[in-house]
Structures are given as C-alpha cells and as structure tokens.
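# Residue-level structure breakdown
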There are 6 protein chains.
Amino acid sequence: MTPAPISRFPVPEREELPADLAERFTDVEERSGFLPNVFAALAWRPEEARAFFAMHDALMDKDTPGLSRGDRELIVVATSAGNDCLYCVVAHGAVARIRTRDPYLADQVAVDWRKAPLTPRMRAVLTVATRLAADPAGVTEQDLAALADHGLTQDDVWDVGMITSFFALSNRLAHFAAIPPNPEFFLMGRVPRSADVAEGERRRG
Amino acid sequence: MTPAPISRFPVPEREELPADLAERFTDVEERSGFLPNVFAALAWRPEEARAFFAMHDALMDKDTPGLSRGDRELIVVATSAGNDCLYCVVAHGAVARIRTRDPYLADQVAVDWRKAPLTPRMRAVLTVATRLAADPAGVTEQDLAALADHGLTQDDVWDVGMITSFFALSNRLAHFAAIPPNPEFFLMGRVPRSADVAEGERRRG
Amino acid sequence: MTPAPISRFPVPEREELPADLAERFTDVEERSGFLPNVFAALAWRPEEARAFFAMHDALMDKDTPGLSRGDRELIVVATSAGNDCLYCVVAHGAVARIRTRDPYLADQVAVDWRKAPLTPRMRAVLTVATRLAADPAGVTEQDLAALADHGLTQDDVWDVGMITSFFALSNRLAHFAAIPPNPEFFLMGRVPRSADVAEGERRRG
Amino acid sequence: MTPAPISRFPVPEREELPADLAERFTDVEERSGFLPNVFAALAWRPEEARAFFAMHDALMDKDTPGLSRGDRELIVVATSAGNDCLYCVVAHGAVARIRTRDPYLADQVAVDWRKAPLTPRMRAVLTVATRLAADPAGVTEQDLAALADHGLTQDDVWDVGMITSFFALSNRLAHFAAIPPNPEFFLMGRVPRSADVAEGERRRG
Amino acid sequence: MTPAPISRFPVPEREELPADLAERFTDVEERSGFLPNVFAALAWRPEEARAFFAMHDALMDKDTPGLSRGDRELIVVATSAGNDCLYCVVAHGAVARIRTRDPYLADQVAVDWRKAPLTPRMRAVLTVATRLAADPAGVTEQDLAALADHGLTQDDVWDVGMITSFFALSNRLAHFAAIPPNPEFFLMGRVPRSADVAEGERRRG
Amino acid sequence: MTPAPISRFPVPEREELPADLAERFTDVEERSGFLPNVFAALAWRPEEARAFFAMHDALMDKDTPGLSRGDRELIVVATSAGNDCLYCVVAHGAVARIRTRDPYLADQVAVDWRKAPLTPRMRAVLTVATRLAADPAGVTEQDLAALADHGLTQDDVWDVGMITSFFALSNRLAHFAAIPPNPEFFLMGRVPRSADVAEGERRRG
C-alpha cells in the first residue's frame, strides 16, 4: 500500500498542537504504539477535536452488563460497514477483535451481521443500531422497548442510540476527509501475541 | 398540539444540573425566550451535552465570506429534511429564516432545495452536503474541489463536511429520543415585524 | 423571494381564458384573496384544467365521519412531502392548518408523520396512502381492510386511494412545470386572525 | 386465468349508470369489441370517471409530428412498467402494438426500454418520462430543454409530462382497486388480422 | 423490429463449434424450430457454454410434486422481471406459457406477481425467490422453513435457491452481452395451435 | 467462533461422493491445506457442483495482461461485498491478498473500492463490475467501450461480465445455504510466511 495522505485537509505537526492535545496524542501513541489517523486529521480543529474525543470516550470507554466494551465496538463495526467507511470498519474492527477476544466476529459483523454468531441481545442491539444508521425516521418506541426486553438499562439504550449517532458523524468525517486506517489496524487482534495473552490472563484474573 | 414529552429519556430539573450546564441553559433561555428541547433532552448526560454544544458552536457560530451563518443553517435544513428530522427542520428552519431574513427560503430548501432560489455557490454547497448526508461513500475529491471553485476556503469546505456530519448525529439523536421542536420555532421569522416583538413581550409578560 | 415564474409553460391572461375558466378563477380569487398558481399554470390547457379541478373537487370538497376535509388535506401533505413537492406541501399544508385548526400538525405530518400526534385512524390512513404513493404495487387487500377496521366506509377507502393517486399526478405536474406556491400560503393558518376566527365561528355556528 | 373480479369496489350494472356514461361505455364496447375494465371500475364514481376519461382523451387522442399516438402509448408502457402496473402495461401495450404496428416494441419497452430499438427522440422522451414517474423532484429544466432539442414543441413537452403524471394516477388507481386487464388485451396486436390489415391500409391511404 | 445483433461479442458459425456443442445446437434447433440466442451468444466460450447448459438442465428439466417444470419457469420469469432482463422474461415467459398451459399467467407474474392468481405454495416460492434475487442477505432460515411448510422437499427448496441464483447469472450475462430474445418467443404459447393442442391432449392422456 | 454448520443442506461424507468429485476435493485439500466449504456444500448435487467448478476455473484460473489473477479476485471481492456475502468476501479476499501480494488491498476494495489505491484500469473494471452486480440493466455499450479504452481485450471484457455474473450466482447460493468461510481464510495472506515468500520468489523467478 502506497502510504496514502492522512487527510484531504492540513495535518499539523505535533509541536504545532495546543498543549492538551499534544499531551493526549503522545499518551495515545504510547499506549497503542501508533497514533490513529483520526487524531491527526482532527488536530487542525482543536475545539472540534476536543469535543469529538470527549464524546467518543463518554460513549465507548464504558462496560455495563447490558453493553460491554466489545458490544459497543460491534455497534460501530456494523453501522460503519453500512456506510462503507473503511477507517471505522478497520480501526474499530481491530479494537472489537481485542475486546471480544474473537478473531472472526468483527469481520462477520462487518459483512453480514445477520448471520453472525451473536446473542439474541446483540442481535436486537444491531437491529436497532443499523436501522437508526440507515433509516433514522424508521426507529420506533417499540425498537427501544425491545432493547429493554433484552436487559438493557435506560442508560444502555441511550448508548446504543448515541454510539450509532456519533459514528454517523464519524463515518461521514472519515469519508469527507478521506482518512485511511493506519496499517497497524489490519492485523491487530488476528494473531494471539504474548502481550494479548498476558492481557487476557490479567483480565480473566 | 398536545404537549408531547421532551424526550423518551429522563429530563432533569434545572436544579439537578451541573452548574455550568444550568448557567448555560439559563443564558440560552434568556436570549431566546425559551429553552430549545434539545438542551433539555441532552442534560441527563452532562459530558455528552458539553461535547455536543461545543461542537455545535464551533461550527455554527461563525460567519465567513464563503459560508455565512444563514448558509450554515440552510445546510442543516437541507440535510435534516433528507432525514425527515422534525426537530432540526423546524428549529433550524426558524433560525435560518432569521439569519437569511427570508421568510420563505427555509421551507423551500427543506422540501425541494434543487428548485429553491439559491446562488450557484449555495447550490454547490447543498449538492455536496446532501450527498454526504445520504451517501457518504459517494463524496469525491471532485466534490470538494467544486466547493473551492465557488470561493470556499479550505476551512469553509471542512465546515460544510463537519456541519453535515454533526447533524447526521443530531438528526439520529432527535429521532431516537423523539425530541419534538418547541412550538415557538414554528412561527419564528415568518412575521418579521412589530407583531413578533409584541407577541414576544406579551409572552414574557 | 425573487418572484419566480408561475410555470415553465405559457400562462395566459385572464381575458384569454374560456369564459367558464375565467369565471371560476375570478370566483376562487374572490374567496381566497389570490389565485393559487396551479390554476394559472393549467389554464393554457382548458380541457385538462377542467378535468383536473373536477377531479380535485370531487375528492377534496367532502366531509365524512371517516375522512374529514382536514384528514383529506393531511393525506395530500404526507404523500406530497414524500415526493418533495413544494407547491403541494405548502399550499395544502396551509389549507390543512385551516381545516384542522392546528398550526403545527401540517408541518409535523410533512416532515415525519410517523411521530405526529395523530389518531390511530389517521395513522392507518397515512400508512396506506404513503405506501400507495411510494410503492403502489405494495398495497394489499389487507391494507384496505385495515382502513375499514378503523371505521372508514367503502367510499372513504376509495377516497384515500383516489386522493393519493390524484396528487401523484399533481405532484409530478408541479415538479415538471416548476410551479411555485404563492407566498400567501406560507403564513396562512399559523396566526389566528380575526377573519379566521370569524370563519371558525361561522362554521361552528 | 380464473376470471378475477374487475375491482375491489362496486361495479355498477350498465343500466344503473348515468346516461352519458352508459352511452360512452356502449360506444367504446362497440368500437373495441369489449369494455376495458378501467371503465367498469370507475363507473361507480361518475364525476371522477368523467374527469378521468376527459383527461385521458385530451392527452392520448392526439397525433403530432413530435409525439405520435404510438409514442404516447409507449410513454404509458414504460412508466407503468416502472410501477409494476399490470393493467396499464397489458392494455396500453396492446394499444401500442396496434399504434406502432410493431408486435415486439411494447414488450421491449415494458421490460428494458434502454436497450429497445428506439429513435434518439423517443429515447430522450422516455428518459424524462421515467425520471418524472420515479423521481419527480429529479426532473430539471435541462430535461425539458433536451426534449425541445429533439424537435418536440412546447405542447409536446407538456404532453410528455402530463401523460406521465396522469398515468402516475392511473397506475395507483389500478393497483389500489386491483383492476385486472381484460383477457382480450394480451394477444391484441401480436398477430396481424384482416381488420388490422384493413385499418393499416386505410391509414396509409 | 430491425434484427438486432445476437450479442456484443463474437458469434461463431456452426461449423466453427466444437462437435459436442454443434450437435447440441442442432438438436435444440430441431426440437424448437429455432436456436435460442443465448446458445449462439455463449458458443464462443465452449467451456462456459457447457457449464451453463449443464447447470440449466440440472435445475430446469425436472418435475417434482413440490416444484413442477412450469413452477420453475415462473421463478425465472419473476426474478428476471425484477432485473429488467428482456431475454429471460420473454424466452422463459414463452416456455412458462407452454408448461403452465396458461396464456396469461407468465405476463401477470412478470409485471406484478403479488396479485397474480397463484397457489399459496407458489406465492411462498416467489416471495423467497424474489427476495434472494434482489436482497440476498435478507433471506433467512425462516424463509426456507416457510417453503417446507408448503410441502417443498429439501431438494425443492434448494432448487428454488439455485434456480434464482443461476438466473442472477443469466440475467447479468444477457444484459452485459445485450442478447435479445428471438422473435419466435414473443407469440409462443399465446395462441393454441394444433401442435400445442396435441401435446396438451397427450399429457392429459 | 462456535463452529457453524457448513450448510443448511446435507453435506455428504467424502466416501459418498462420486469418484471424480472425491478426487477433486482431495486434490484441493492437499494444495490448500483444507477444503473450502463451498465444495462441501455443493457436493450433494454432483452435476451442479461439476458445472459450478468448471465455470469457476474457466474464469478465474487465467492471467492476461488486461486482467491478472489478482484483478479477477478483486472483482469478486468488490461485487460480493456489495451483496454482503461473507463467504466470498473472506475466501476471495484471502486469495486476493495472496495473488496481489498486498495485505491491505482486499479489505480496502471490500469496504470502499472507490477510495482504494487502484490503477485507472482497475477502477474502470470495478465501476462496470459493481454496476452489473447491483443494477444489471444500467450497464451500457459505453461501459464496455470504457474497458477496451483501458487496454482490455474483448476476451477480458467478457471475463469482467462473466466473473461478475458467476459470483452473482455464487453470492446468492452462499446466502441461501448459509455457507460460512473456513476459519483459515481470515488470516491467509496477512502475514508473510516462509511458504508465501518461497512461492513469491518462485513466481518472480
């Protein structure tokens, strides 16, 4: 792959960034080993970048009995695939593989979630999320009630809607600015590595 | 109209809000005469509310030669109409009437922007914005170049994309939570004269 | 709004019209205060104009327990909105506001009738009407039976179908000839005026 | 084919009809050898029937250099096929075979008019007509200009739009009332018969 | 109809064909009275031609209680009509008229199978087949179970899927190479002829 | 991933297969290390299996200057992604990674081929192939001519059409029988392995 530009818009150097963003970017880079391109692409608009990452973290860095971190990533994968968004499918597919510890599920959800091996709860979640993504006026009170029937709390139900809505924004931004996924994402979570194993063991405690 | 609930989710009382949001809401209410329902509906999620309003203001409270405040509102109206979003069409239609000082244009743009009396520049803007809203993968480098050809700066072009993306989020949130427009929006900007002022004064009593 | 031409086709002067049409136009003008543009646009084709207005009046000037004049206008608004027809949405939205004595309902129905505050009967009516407008082959015997279940007579059911069909014609004509709504329609029925009040009192008489 | 009912609505006996309709129906029956079902299905609504047939005849019983009777029938066939309307495809396909003296063209136009052996003029006509039928808001001033470029007069251009609009009504009525084509239409114009030959000779004079 | 070319690709002479294909073509021609154009169009690719006809015959030359030869042809007609494929609609419509001994049913199925006079079994078959043709990911386990409920064996159910899949190929090939139906197909099975009558009598024994 | 069944239909044991298929399957298994599920799923229908594999090999096992083996696989990936076919996207994505020696391109083409780093030739190929897959009646003579302009021979152009058509069949079969991709495909070609390297060196010879 010829290295594609990170964005159709300016990508500032790290030293040009406001201090809070520079610090955040360095932090992400240290934890992940690389800086996901969406950070770099948003940096020239610091206020929007801050709002974007604040919204993202409020919705995605959360684990509830009704909606785990992995479940949240699968919402992103399913709805972003419906929008043909390469950045979100590949980057969040990678995170989904790690969160779900399943090297296959993210691809299954991306291409045909209806036949993917999902729980009835997650099938209901993706039914509503993909409807909201593609046909927002078609979502009804009954759709929300169906999620509650599967054990989602009112907070979880809101999160299904808000995660889907936030990635409706994110998919469009990635298409508009033509932000490619970092090459690192493509393989992530496909091959068990010692670090992953260790992390897995730590979690399973 | 039977007063519809403001949201399918909890709507906190003003005194339950974090101080910064309470202050902001009071401020908005004083300037507008009422609190737009989207504020009330987001309040139970303070972090998301802060990010939402920060993003909104960064994109909409800006006047450039290539993209005036009124132009920005028309992007919202055209793309929200494509999503059948009553809240955004009515609320931003009202703001658009005020910003453009035209009592007809917002309705024309909402129902059939292609035949609305727009400048070639705004026709190009709405062509790209409605494409990004409905078919994000279909937006090409040429679409962005066309905007530059009409005199939009790189910042303006980004704004076209980001406003559309932000309201892709906003439309879905309004549908998901079933947020109705405040009754005040329906008439706003249609009768731009003493009648409004009088009516406003009467209401504020 | 720059005054747009009334049609892409010739618009004859009043004195050029056949006597029956001239009389009818004068009559309409006297009752409404202005001549709706669709009259002017059809006038160069007297035979079609006569058939058009005869069909219109046979379907719309009728009040039955199952389908009031206001209900009939809402069918027009909902199906015309699906066709992005500015003329019909604005002109019949105005009439709907007057007939239903509700300043909000027509806009709600135009943008998102599914969440509008409608009776179950009218919800069933608009379900069938919008299906017939958008996907005529998809209408089934069960759809018609559902209308009867809500108390519509056989005549009312036919009217739902025929009104929808007639405005499928009307929407296409308005798009083809680019007929704009008269400016008067935009505000009509939004602000109670003495005339309206008087009319209302006369009717409730 | 089990004889299907002529309509989902009442079909009056001939002697129940108003005199003018009864006379017209008898006349049609004598000329065609049978009464097309759409007449019978509309008869219970005399006013609508009169308007319907008046509009039909004003548009279809006309031969101009830019739009012959056969061309008009092909507009009906192409747009009705897009609406999956059996009555209109079969009945007007039959008339089109007779008017065009071509036993194949109507079927070609019904299934895939884009590859049918048409003149550039008729290809332009069907491009605009099928667009108006399926996506009325998508028709532009340029579409109408293209028809003029192919030699259509302003009257012919209007007719393209009005015929398409009228059959948008007609297709929906036929679906809603489930009006089947008379069996006679299926074979008509496929096999040259003496009557056809005679008619052909008379015309060619 | 000006004789259209048989294909956009080379059509070899009979004597240029491999012996097995030449023999097969001569055989078909003798039985049918003419060589269907799809044979001629595929002949320049002998391996693909052999595979194509082998697949075709394995699926279509079979009569089971759950899926007769006529039923199989109607699957082809309904799904090919959905793809606007003139060759398949006309050629297999002709065969369907002969197999079903019904001069009307193929046209009814081609234009609007939902209102055609079909058994509940065939209605279920066409529901699944047209879904698989138009929206393959939308077919569910329940769709297949519904066919079994109507008495189809596991082999019959597979055939519904495989016939539809094979004509998804065939429709696309016919469009890509622009293969027109032979003129003979248009009239076939519409008029009872002595041969048909004899065949009919033989079958009814 | 819970091992999913290979098909909704019977999957015969190897020893139940006709000798030619058993031999072929053993051969494939030896070369690939596993038997792709589509072989197992088709085996209960030997005639269809033979025709299917004959057609597949005639189209895919071919390398021309205008359409390499890798290019052919990318046609499969792009059109199968449009049909949400997991089996074909994953299995042919794997083969495409190996054929193109690019670990990223298949995923890029699967999710958003329009922004993938492709040659103008392959961009033209995928434009026509995805149009034929999704809207077969929309393919025109000009589409085929555009391929010739990019250096494709008449044989290559046919192959673009026939590969797309064949996978229209294949995608529908995989959906209908619910054939999952073998787990081996997911990782194949993502990590250079010694065997790959050796193979690569042999080829570059």
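Details of the structure are given in the entry above.
Presented here is an overview of the structure given in this document. In this text the structure is predicted, and so the values were computed from the model without any measurement.

Attention shifts here to the overall build of chain A. For chain A, the helix and strand inventory stands at 11 helices and zero strands. Element order for chain A, N to C, with α for helix and β for strand: α-α-α-α-α-α-α-α-α-α-α. Here the C-alpha radius of gyration of chain A, 17 Å, is about what a compact globule of 205 residues would show, namely 17 Å. Split into buried and exposed, the 205 residues of chain A put 58% on the buried side. In chain A, once contacts between residues fewer than 6 apart in sequence are set aside, the share between residues at least 24 apart is 67%. Charge-centre separation for chain A: the mean point of 23 positive side chains lies 4 Å from the mean point of 30 negative side chains.

Taken residue by residue, the interface counts 43 residues in chain B and 43 residues in chain A. Approximately 4,000 Å² of surface area, both sides summed, lies buried where chain B meets chain A, with 70% of it carried by carbon and sulfur atoms. The largest per-residue losses of area from chain B upon contact with chain A belong to Trp158(B), Arg172(B) and Phe176(B), which jointly make up 21% of the total buried on that side. Arg8(B) is the salt-bridge partner of Glu141(A), the closest N and O atoms lying 3.9 Å from each other.

Okay, the packing of aromatic side chains next. Here the structure, examined in full by the defined rule, presents 78 aromatic pairs over all chains. Ring centres 5.4 Å apart and planes at 85° place the aromatic pair Phe52(F) and Phe53(F) in the edge-to-face group. The same class applies to Phe52(F) and to Phe53(F), which are both buried. The residue whose ring lies beneath Arg45(D) is Trp44(D), and the NZ or CZ to ring-centre distance is 5.0 Å.

It is worth spelling out the relation of the copies chain D and chain E at this point. The operation relating chain D to chain E is a screw motion whose rotation component is 180°, with 0.0 Å of axial translation and a residual RMSD of 0.0 Å. On the angle and the small slide along the axis, the relation comes out as a two-fold axis. Across chain D, the smallest distance between a C-alpha and the rotation axis is recorded for Leu187(D), namely 4.1 Å. Interface overlap between copies is the fraction of interface residues in one copy that are interface residues in the other; for chain D against chain E it reaches 100%, indicating a shared surface.

Let us look at the packing of helix H1 (residues 19–32) of chain B against helix H3 (residues 46–60) of chain B. Residues and elements named next belong to chain B. At their nearest, the axes of H1 and H3 sit 10 Å apart, and the two run at 45° to each other. Considering the angle they form, H1 stands oblique to H3. Regarding H1 and H3, the two cross each other, and that crossing is left-handed. The residues of H3 that touch H1, namely those facing Asp20, Leu21, Arg24 and Phe25, are Pro46, Ala49, Arg50, Phe53 and Asp57. Residues belonging to the contact of H1 with H3 are distributed by class as follows: five nonpolar, no polar and four charged.

What follows covers the interface of chain D and chain E. Residue-level contacts link 21 residues of chain D with 21 residues of chain E. Interface of chain D and chain E: buried area, both sides summed, is about 2,100 Å²; carbon and sulfur atoms make up 70% of it. At the boundary of chain D and chain E, one finds zero salt bridges. Run the count over chain D and chain E and you get two residue pairs in polar contact (both at pLDDT 80 or more). Contributions of two or more residues to the side of chain D that touches chain E are made by helix H5 (86–100), helix H6 (105–112) and helix H10 (184–187) of chain D. Here the side of chain D that touches chain E takes four residues from H6(D), the largest share from any one element. Among the residues making up the side of chain D that touches chain E, the classes are represented as 12 nonpolar, two polar and seven charged.

As a further point, take helix H7 (residues 120–134) of chain B. Relative to the 21 Å expected for 15 residues at 1.5 Å per residue, H7(B) spans 21 Å between its end C-alpha atoms, a close match to the ideal helical length. Taken residue by residue, H7(B) has Arg121(B), Met122(B), Ala124(B), Val125(B), Leu126(B), Val128(B), Ala129(B), Thr130(B), Leu132(B) and Ala133(B) as its buried positions. Packed against the buried residues of H7(B) are helix H9 (154–177) of chain A together with helix H4 (69–82), helix H6 (105–112), helix H8 (141–149) and helix H9 (154–177) of chain B.

So, on to the relation of the copies chain B and chain A. The operation relating the two chain copies consists of a rotation about an axis and a shift along that axis. Each copy of the sequence occupies a distinct position, and chain B is placed on chain A by a rotation of 180° and an axial shift of 0.0 Å, giving an RMSD of 0.0 Å. Counting the interface residues of chain B, we find that 100% of their copies in chain A are interface residues as well, pointing to one common contact surface.

Once that is clear, we can look at the arrangement of the chains. One thing to see here is that chain A and chain D don't touch, and their nearest C-alpha atoms sit 19 Å from each other. In this view chain B stays clear of chain E, with the nearest C-alpha atoms of the two still 19 Å from each other.

Next up on the list: unusual backbone geometry. In the Ramachandran plot, Asp84(C) falls in the positive-phi region, its phi being about 55° despite a non-glycine side chain. Of note, Asp84(C) is situated in the loop between helix H4 (69–82) and helix H5 (86–100). One non-glycine residue, Arg101(E), lies in the positive phi region at around 55°. Residue class for Arg101(E) comes out partly exposed when judged on its relative accessible area of 35%.

In this section: the environment of His56(D). All names here are of chain D. The topology assignment puts His56 in helix H3 (residues 46–60). Residue His56 is classed as buried on the basis of its relative accessible area, which comes to 18%. Spatially, the C-alpha atoms of His56 and Met162 are 9.9 Å apart, while their sequence positions differ by 106 residues. Residue contacts for His56: discarding those within four places in its chain leaves Asp61, His92, Phe166 and Phe167.

This part is about a nonpolar patch on the surface. Among the surface-exposed residues, Leu187(A), Val191(A), Leu187(F) and Val191(F) lie close enough to one another that they form a single nonpolar patch of about 240 Å² accessible area. Positionally, Val191(F) belongs in the loop between helix H10 (184–187) and helix H11 (194–204). Given a relative accessible area of 31%, Val191(F) falls into the partly exposed group.

How each quantity is defined
Residues numbered from 1 in each chain as written. Chains lettered and ligands numbered in written order. Predicted model: local features only at pLDDT ≥ 70, side-chain atom pairs only at ≥ 80, totals over all residues. Heavy atoms only, no water. Helix = DSSP H or I, 4+ residues; strand = E, 2+ residues; numbered from the N terminus. Rg over C-alpha atoms; globule rule 2.2 N^0.38 Å. Buried < 20%, exposed > 50% of the residue type's maximum accessible area, 1.4 Å probe, protein only. Contact = heavy atoms within 4.5 Å. Lys, Arg positive; Asp, Glu negative; His and termini not counted. Charge placed at Lys NZ, Arg CZ, Asp CG, Glu CD. Buried area = accessible area lost by both parts, 1.4 Å probe. Salt bridge = Lys/Arg side-chain N within 4 Å of Asp/Glu carboxyl O. Phe/Tyr/Trp six-rings, centres within 6.5 Å; stacked < 30°, edge-to-face > 60°. Lys NZ or Arg CZ within 6 Å of the ring centre and 35° of its normal. Least-squares fit on C-alpha atoms with pLDDT ≥ 70 in both. Axes fitted to C-alpha atoms, helices over the stretch in contact; angles between N-to-C directions. Parallel < 35°, antiparallel > 145°, perpendicular 65-115°, else oblique. Left-handed = near helix turned anticlockwise from the far one by under 90°. Nonpolar A, V, L, I, M, F, W, Y, C, P; charged D, E, K, R; others polar. Polar contact = N/O pair within 3.5 Å; in protein donor to acceptor, adjacent residues only side chain to side chain. Expected span 1.5 Å × (residues − 1). Patch = residues over 30% accessible without salt bridge, like charges linked within 9 Å, V, L, I, M, F, W, Y side chains within 5 Å. Areas by Shrake-Rupley, 256 points an atom, 1.4 Å probe, with all protein chains shown as cover.

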